[in-house]
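# Structure assessment
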Amino acid sequence: MGEKTKGQVMRTRRETAKAYLFMAPALIIVIVFTIVPIIGSLILMFFDYSVLGETRFVGLDNFTRAFHDKEFLIALKNSILFVVIVPVIQILSIFLALLVNRKLPGMNVFRTLFYIPVVTSMVAVSIIWGFIFDTNGVINTAFQEWGWIKMPLPFLDGKFSAMPCLMFITVWQGLGYYMMMYLAGLQSIPEELSDAARIDGANSIQTIFRIKIPLLKPYVWLCTLNSVISAIGVFDVVFVLTQGGPNNATMVINYYSYTKAFGDFQFGYAAAIGMIQAVITTIISIVVFVYGKKGGMNNDE
Amino acid sequence: MSKTKIPNRNRMSPKKIAGNVFTYVLLVLIAILCAGPFIWLLLSSFRTGANIYDLHFSASQMSVSNYKGVVEYMDLGKYVGNTLIITIGGIAIDVIFSSLCAYPLATMEFKGKKIIFSILVATMIIPAAAGMIINYLTIAHMHLLNTMLGVILPGSVSTFSIILMRQAYLGVPQNLIDAAKIDGAGELTIWRKIMIPCIMPSVSTIIIFDFINNWNAFLWPIIVLQDPDKYPIATALQYLNGSFSYKFGYVAAGTIISIVPVLLVFMFCQKNYIEAVSGAVKG
């Protein structure tokens, strides 16, 4: 009996060693480049750290500084403002999903066309929309030629128009992604349900609002959560098109943190700003999640 | 159903036809909004000299000179080469290391299995507030700044891939593994000869995901690479767009060249890719 256990112990040990050999390469990379940054940023935010100067512990100074930093507060406001795109993008993509879920010839072509912006790099997307929104761009040229306007519209250079333009581009690029999510949701609804409703005399609009959308709720909450996180973290479109301008009109937290880190080399301060963003994201996610659990996901999820 | 109604079943009511026509009109309008900008860019990339914003396209203006120009004067081939190195390197590391890592997580019993798995799942949820900053410092300490390895390494192994492959391994029938063990095969042979062929669908999903992500990445390369000659295409475009914005035609042609490979991969692997994207919601 004793020998057997000893043998088993040996076997378990060998198995464990083998398992870790298999996992080692991937785990080392995950630890160094994913787990170290999570822990590291928790430490870094309490320090005044730049590559050149001396490093010192400053406690909560980076946070106090942030809330007295006018530019940061503008960035914070803009990032939160950016969340208004969430309901827009969700409603439009549910509508799109319902549309491409109809059993008509050629639907696959349309689904592919709607998805093209999703797989295209943000740089390419921004270059294209940059051409379109430019003061001498496609829209302004067309409108002037047709005599609709005398002066070119400022779009990305306008204090009030820059942000809506970036929001539009973000919605435009994200629609296809959420459409596919909702399409998957719609296709998981058993056909008999809609058929039964129709036999009971419901028209197609009633079927959509009474049967399909309620059953989509788990998807709605998940997509909303996803969309809130990426709205608060918006970066690429700002980086490529406006760099926060004009006059901070499109300055957002994520981009501000980037400029502090890689423009001014204030790594500690940038880490603290990143942490504020992470906290806000987490709070909003919890709100969406709790609200979703209470009001929405009680069907079966 | 009564007999008189049967002949009508294949013919649609006028109301239904009108509904379908309306659906198609809407779909075409949305398609123009989604794909229109790309088509405009494609047409513009073949125009020469004249103002790119001129609304009147004519066939006589069309030529491939922008493509020649962007390849010859801006050396676009070099950037495409850099992108290929980064993309293929990233995919290779992810596929090999993740599939190795997922194997014991799915098939072996060992100490710490639960903890490791939970940590991997947690990294997908917890945001790294200053991920890029710490990774930049790490890469600098490893003397990998301005190298391709420094671009590839930090994002290479994705925990998503590990978890996806573990799920796939769990689907491989146990008796297949037992049979191989009885035949005296070692773990590495089992992994290579039995498990990997069984999880090929998941491997291809990961390859598509990684291809699109790596091909489109532009920010991390800007941070790590000081030498613009090493830039991948997305980063190079951002750079060219800044420095050569007056050469609209070149930028348009370069953008088209950067988009085409991703579109091709997406169109060929569409079914697989979309199933994986929407599967992520259900899972």
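Note that this is a predicted model, so its numbers are computed, not measured. (Residues numbered from 1 in each chain as written. Chains lettered and ligands numbered in written order. Predicted model: local features only at pLDDT ≥ 70, side-chain atom pairs only at ≥ 80, totals over all residues.)

### As for the overall build of chain B
Check the secondary structure of chain B and you find 14 helices and zero strands. Its helices and strands in sequence order give chain B the pattern α-α-α-α-α-α-α-α-α-α-α-α-α-α, from N to C terminus. When the 283 residues of chain B are sorted by exposure, 39% land in the buried category. When contacts within chain B are restricted to residue pairs at least 6 apart in sequence, long-range pairs at least 24 apart make up 73% of them. (Helix = DSSP H or I, 4+ residues; strand = E, 2+ residues; numbered from the N terminus. Buried ≥ 20, exposed ≤ 12 C-beta atoms within 10 Å, placed from the backbone. Contact = placed C-beta atoms within 7 Å.)

### Side note on the overall build of chain A
When its secondary structure is counted, chain A shows 13 helices and two strands. Taking 301 residues into account, the globule formula puts the C-alpha radius of gyration at 19 Å, and chain A, at 25 Å, lies well above it. Its C-alpha atoms give chain A principal-axis dimensions of roughly 85 × 65 × 35 Å. Contacts spanning at least 24 positions in sequence make up 70% of the contacts within chain A whose residues lie at least 6 apart. (Rg over C-alpha atoms; globule rule 2.2 N^0.38 Å.)

### Side note on unusual backbone geometry
Unusually for a residue other than glycine, Gln243 of chain A sits at a positive phi of about 50°. Within the secondary structure, Gln243 of chain A is located in the loop between helix H11 (236–241) and helix H12 (253–263).

### Quick notes on helix H12 (residues 233–243) of chain B
Here H12 of chain B lies mainly inside the structure; eight of its 11 residues are buried. Buried residues of H12 of chain B: Ile233, Ala234, Thr235, Ala236, Leu237, Gln238, Leu240 and Asn241 of chain B, and no others. Close packing links the buried residues of H12 of chain B with helix H6 (122–133) and H11 of chain A together with helix H3 (76–107), helix H10 (200–216), helix H11 (219–224) and helix H13 (248–268) of chain B.

### Points about the environment of Val279 of chain A
Residues and elements named next belong to chain A. In this structure, Val279 sits in helix H13 (residues 267–296). In this structure Val279 comes out as exposed when scored by C-beta crowding, with 12 C-beta atoms within 10 Å. Separated by 274 residues in sequence, Val279 and Thr5 place their C-alpha atoms 49 Å apart.

### Some remarks on the confidence of the model for chain A
Caution applies to low-pLDDT regions: their predicted coordinates should not be interpreted in detail. Residues with a pLDDT of 70 or more make up 96% of chain A, whose mean pLDDT is 86. In the predicted structure, residues 297–301 of chain A sits below a pLDDT of 50 and forms seven contacts with residues beyond four places in sequence or in another chain. (pLDDT = per-residue confidence, 0-100.)

### Thoughts on the interface of chain A and chain B
Contacts between the two partners involve 62 residues from chain A, matched on the other side by 63 residues from chain B. Split by residue class, the side of chain A that touches chain B holds 45 nonpolar, 13 polar and four charged. (Nonpolar A, V, L, I, M, F, W, Y, C, P; charged D, E, K, R; others polar.)

### Notes on the packing of helix H9 (residues 191–199) of chain A against helix H10 (residues 204–232) of chain A
All names here are of chain A. Interaxial distance between H9 and H10 falls to 10 Å at its minimum, and their mutual angle equals 140°. With respect to their mutual orientation, H9 and H10 come out oblique. The element H9 and its partner H10 pack so that their crossing is right-handed. On H10, the residues that touch Leu193, Ser194, Ala197 and Arg198 of H9 are Thr207, Arg210 and Ile211. For the contact of H9 with H10, the per-class residue count stands at three nonpolar, two polar and two charged. (Axes fitted to C-alpha atoms, helices over the stretch in contact; angles between N-to-C directions. Parallel < 35°, antiparallel > 145°, perpendicular 65-115°, else oblique. Left-handed = near helix turned anticlockwise from the far one by under 90°.)

### Side note on the domain arrangement of chain A
You can read the domains of chain A as domain 1 (2–44) and domain 2 (61–296). Taken over C-alpha atoms, the centre of domain 1 of chain A sits 39 Å from the centre of domain 2 of chain A. (Domains from an automatic or database assignment.)

### A closer look at the nonpolar core
With 157 residues, the main nonpolar core has Met179 and Tyr182 of chain A together with Ile133 of chain B as its most contacted residues. With residues up to four places along the chain from it excluded, the contact list for Ile133 of chain B reads Leu44, Ala261, Phe267, Ala270 and Ala271 of chain A. (Core = buried A, V, L, I, M, F, W, Y, C linked by C-beta atoms within 7 Å.)

### Observations regarding the confidence of the model for chain B
All names here are of chain B. Here chain B shows a mean pLDDT of 85. Residues at 70 or above account for 88%. Confidence over residues 1–8 falls short of pLDDT 50; this stretch has one contact with residues more than four positions distant or in other chains. Prediction confidence for the complex, expressed as pTM and ipTM, is 0.85 and 0.84 respectively.

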